[in-house]
Amino acid sequence: MKLKYNFVTNEVADKIVAVAVGDDLEKFNGFIKMNDVGAYIFNMLKNDVTEDEIVAAMQKDFEDATEEEIREAVKEFTDKLRESDVIE
């Protein structure tokens with residue numbers, strides 16, 4: 001799975017916001033607000049990755065979280081992106 005559109009991310013008021021750029025701005029009119037975990041997943045989705053690859057990477061960087069917690073966070077976030085038609 002990966003992002004359908006090109007996004008730029010910026011920090012605004014302690015949140016990370018993604019906005020589509022270029023021609024994709026017309027296709028996805030809006031923005032995505034996320035926390036640090038969402039931004040981590042979002043940045044991985046700039047490349048074609050599997051859920052298992054995201055989970056494995058997060059296990060290395062978020063050592064205090066269990067695999068189950070990570071899988072749940074990845075699924076919840078990617079489900080929201082699918083509902084918004086942002087990933088393929």
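For the structure given in this document, a descriptive report is provided here. (Residues numbered from 1 in each chain as written. Predicted model: local features only at pLDDT ≥ 70, side-chain atom pairs only at ≥ 80, totals over all residues. Heavy atoms only, no water.)

Details of the overall build of the chain
Logical step 1: Within the chain, the secondary structure is distributed over four helices and three strands.
Logical step 2: A globule of 88 residues ought to have a C-alpha radius of gyration of about 12 Å, and the chain, at 13 Å, matches this closely.
Logical step 3: With the principal axes as the frame, the chain shows a C-alpha extent of 40 × 30 × 20 Å.
Logical step 4: Within the chain, the fraction of its 88 residues that count as buried is 33%.
Logical step 5: Taking the contacts inside the chain whose residues are at least 6 apart along the sequence as the reference set, 44% of them involve residues at least 24 apart. (Helix = DSSP H or I, 4+ residues; strand = E, 2+ residues; numbered from the N terminus. Rg over C-alpha atoms; globule rule 2.2 N^0.38 Å. Buried < 20%, exposed > 50% of the residue type's maximum accessible area, 1.4 Å probe, protein only. Contact = heavy atoms within 4.5 Å.)

Topic: the packing of aromatic side chains
Logical step 1: Applying the stated criterion to the full structure yields five aromatic pairs.
Logical step 2: Three or more aromatic residues link up through ring pairs in this structure, and these residues are Tyr-5, Phe-7, Phe-28 and Phe-42. (Phe/Tyr/Trp six-rings, centres within 6.5 Å; stacked < 30°, edge-to-face > 60°.)

Topic: the nonpolar core
A general trend in soluble globular proteins is that nonpolar side chains are found buried together.
Logical step 1: With 25 residues, the main nonpolar core has Phe-7, Ile-32, Met-34, Phe-42, Leu-45, Ile-54 and Leu-81 as its most contacted residues.
Logical step 2: Listing elements by their share of this core, those giving two or more residues are strand E2 (15–20), strand E3 (31–34), helix H2 (36–44), helix H3 (51–61) and helix H4 (67–83).
Logical step 3: Residue contacts for Phe-7: discarding those within four places in its chain leaves Ala-18, Val-19, Ala-20, Val-21, Phe-28, Ile-32, Phe-42 and Val-86. (Core = buried A, V, L, I, M, F, W, Y, C linked by side-chain atoms within 4.5 Å.)

Some points on the pairing of E3
Logical step 1: Of the two faces of E3, the one holding Ile-32 and Met-34 is buried and the one holding Phe-31 and Lys-33 is not buried anywhere.
Logical step 2: Sheet analysis places E2 next to E3, joined by four bridges and oriented antiparallel. Each residue of the ladder has a partner; that of Val-19, found in E3, is Phe-31. (Pairing = 2+ DSSP bridges.)

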